[in-house]
Amino acid sequence: MEDLIFTLKMIIIGLVQGFTEPIPVSSSGHVMIASELLGVGEQGFTFAILTNTASLLAILLIYRQDIIRLATNSISYVQKKDTRYKSDFRFVLFIIIGTIPAGILGVLLSDWIAESISLTVIAIMLFITGLALWTIRNMKGTKGEKDLTAKDAWIVGLGQAVALTPGISRSGATIISSIAVGMKQETALRFSFMLYIPISLGGVVLGLSDFIDEPNKAELAIPYLAAFVSTFIMSYFAMRWFMGIMKNGKLHYFTYYCFAVGTLLLIFF
């Protein structure tokens, strides 16, 4: 019975991770809150790798056509210098540029990140995220994929690096940065989650040794697999839902949510 209850708790945490990964509210913060409420404590790096991989696969599934197009056209541009594919090549180049800041800081500060997260920090960062979302609520960008510059990519990349701070939402930081530099909401959304792919893959690669060395793999196989599946399914539908929110220009709704959850954390924790 205890094993069943633990598995159910892992499924709930997986659902929380999956729902909050795409939206600007800090998935790591919400996973920590859920773990605290369910009384299961920190699950460690192996669990984080599994659930983040599940979210990554859901994002890859949603953007699979864009990814195939960008990869194919970029290779064609490099091989043939066909100007029809130049804009896609530049977009891929900007994704690489935007990944650099978080990639460097992630390697240098990984230990600090793991040690610094707390519910109080999460509460404060949710307030900061809410304020940032409120600030950009009326911004109507005009830049599409073809209009982006290396400077835009670098600024958004710095936003993603800021999101390494415990409690700051990665999707929130990159979307806010993208809109702030003048991107259309559709472009901001796509660029944000294209940036998520390499940084998430990097995290998986860096964490493989921890996963391999996990001493309780056999014991945790079923609950962690259940969490993986629940995260994947919820990430997919949450991302679809969030795309609709962005399309309708309702991003500022998350301001109220961030303020509400941040206040509750400060009061009760």
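Residues numbered from 1 in each chain as written. Predicted model: local features only at pLDDT ≥ 70, side-chain atom pairs only at ≥ 80, totals over all residues. Heavy atoms only, no water.

1. Section: the side chain of Ser-169
1) Next: Inspection of the secondary structure assignment puts Ser-169 in the loop between helix H7 (150-162) and helix H8 (170-180).
2) Next: Engagement of the side chain of Ser-169 in a polar contact is seen with the backbone nitrogen of Gly-172, the distance being 2.9 Å. (Helix = DSSP H or I, 4+ residues; strand = E, 2+ residues; numbered from the N terminus. Polar contact = N/O pair within 3.5 Å; in protein donor to acceptor, adjacent residues only side chain to side chain.)

2. A look at the nonpolar core
1) Next: Within the largest apolar cluster, 44 residues are counted, with the highest numbers of intra-cluster contacts made by Phe-191, Phe-193, Phe-242 and Leu-251.
2) Next: With eight residues, the single largest contributor to this core is helix H9 (residues 185-206).
3) Next: When sequence neighbours within four positions are dropped, the list of residues in contact with Phe-191 reads Phe-91, Phe-94, Ile-95, Leu-148, Ala-153, Val-156, Ser-178 and Met-183.
4) Next: Counting residues in hydrophobic clusters, the runner-up holds 10 residues, among them Met-10, Ile-13, Phe-47 and Leu-50. (Core = buried A, V, L, I, M, F, W, Y, C linked by side-chain atoms within 4.5 Å. Buried < 20%, exposed > 50% of the residue type's maximum accessible area, 1.4 Å probe, protein only. Contact = heavy atoms within 4.5 Å.)

3. Thoughts on the side chain of Thr-7
1) Next: Looking at where Thr-7 falls in the secondary structure, it is placed in helix H1 (residues 2-20).
2) Next: When its relative accessible area of 14% is taken as the criterion, Thr-7 is described as buried.
3) Next: Setting aside residues up to four positions removed in sequence, Thr-7 forms contacts with Ile-222, Pro-223 and Ala-226.

4. Topic: empty space enclosed by the protein
1) Next: In the structure shown here, the tally under the stated rule is one cavity of 30 Å³ or more.
2) Next: The computed volume of the largest cavity comes to approximately 40 Å³.
3) Next: What lines the largest cavity is Ile-136, Arg-137, Ile-179, Gln-185, Gly-249, Lys-250, Leu-251 and His-252.
4) Next: Here the residues of the lining of the largest cavity sort into three nonpolar, three polar and two charged. (1 Å grid on protein atoms, 1.4 Å probe; cavity = no way out; pocket = protein on both sides within 12 Å on 5 of 7 lines; lining within 4 Å. Points joined across faces, edges and corners; volume = space filled by probe spheres on them. Nonpolar A, V, L, I, M, F, W, Y, C, P; charged D, E, K, R; others polar.)

5. Considering the packing of H1 against helix H3 (residues 44-62)
1) Next: At a minimum axis separation of 10 Å, H1 and H3 run at an interaxial angle of 50°. The pairing of H1 with H3 is recorded here as oblique in orientation. Here H1 runs over H3; the crossing is right-handed. Residue-level inspection shows Met-10, Ile-13, Gln-17 and Gly-18 of H1 in contact with H3, the latter providing Phe-47, Thr-51, Asn-52 and Ser-55. (Axes fitted to C-alpha atoms, helices over the stretch in contact; angles between N-to-C directions. Parallel < 35°, antiparallel > 145°, perpendicular 65-115°, else oblique. Left-handed = near helix turned anticlockwise from the far one by under 90°.)

6. Re the packing of aromatic side chains
1) Next: Per the counting criterion, the structure on display carries 10 aromatic pairs.
2) Next: Seen in terms of ring centroids, Tyr-77 and Phe-89 are 5.0 Å apart; in terms of plane orientation they differ by 35°. Their pairing is tilted. Highlighted residues: Tyr-77 in helix H4 (residues 64-80) and Phe-89 in helix H5 (residues 86-116), separated in sequence by 12 residues.
3) Next: Accessibility expressed as a relative area gives 15% for Tyr-77, which makes it buried.
4) Next: Judged by relative accessible area, Phe-89 falls into the partly exposed class, the value being 26%.
5) Next: Ring-pair connections join several aromatic residues into one group, and the members of that group are Phe-19, Trp-241, Phe-242 and Phe-254.
6) Next: Against the face of Tyr-77 rests Lys-81, its NZ or CZ located 5.9 Å from the ring centre.
7) Next: The side chain of Arg-170 reaches across the aromatic face of Phe-193, ending 5.5 Å from its centre. (Phe/Tyr/Trp six-rings, centres within 6.5 Å; stacked < 30°, edge-to-face > 60°. Lys NZ or Arg CZ within 6 Å of the ring centre and 35° of its normal.)

7. Details of the layout of surface pockets
1) Next: Roughly 220 Å³ of volume is contained in the second largest pocket.
2) Next: Surrounding the second largest pocket, Tyr-63, Asp-66, Gln-185, Glu-186, Leu-189, Arg-190, Met-243, Met-246, Lys-247 and Gly-249 form its lining.
3) Next: Elements with a minimum of two residues in the lining of the second largest pocket: H9 and helix H11 (217-247).
4) Next: Examining the composition of the lining of the second largest pocket, we find that four residues originate from one element, H9, more than from any other.
5) Next: Tallied by class, the residues present in the lining of the second largest pocket amount to four nonpolar, two polar and four charged.

Shape is all these values report; function is a separate question.
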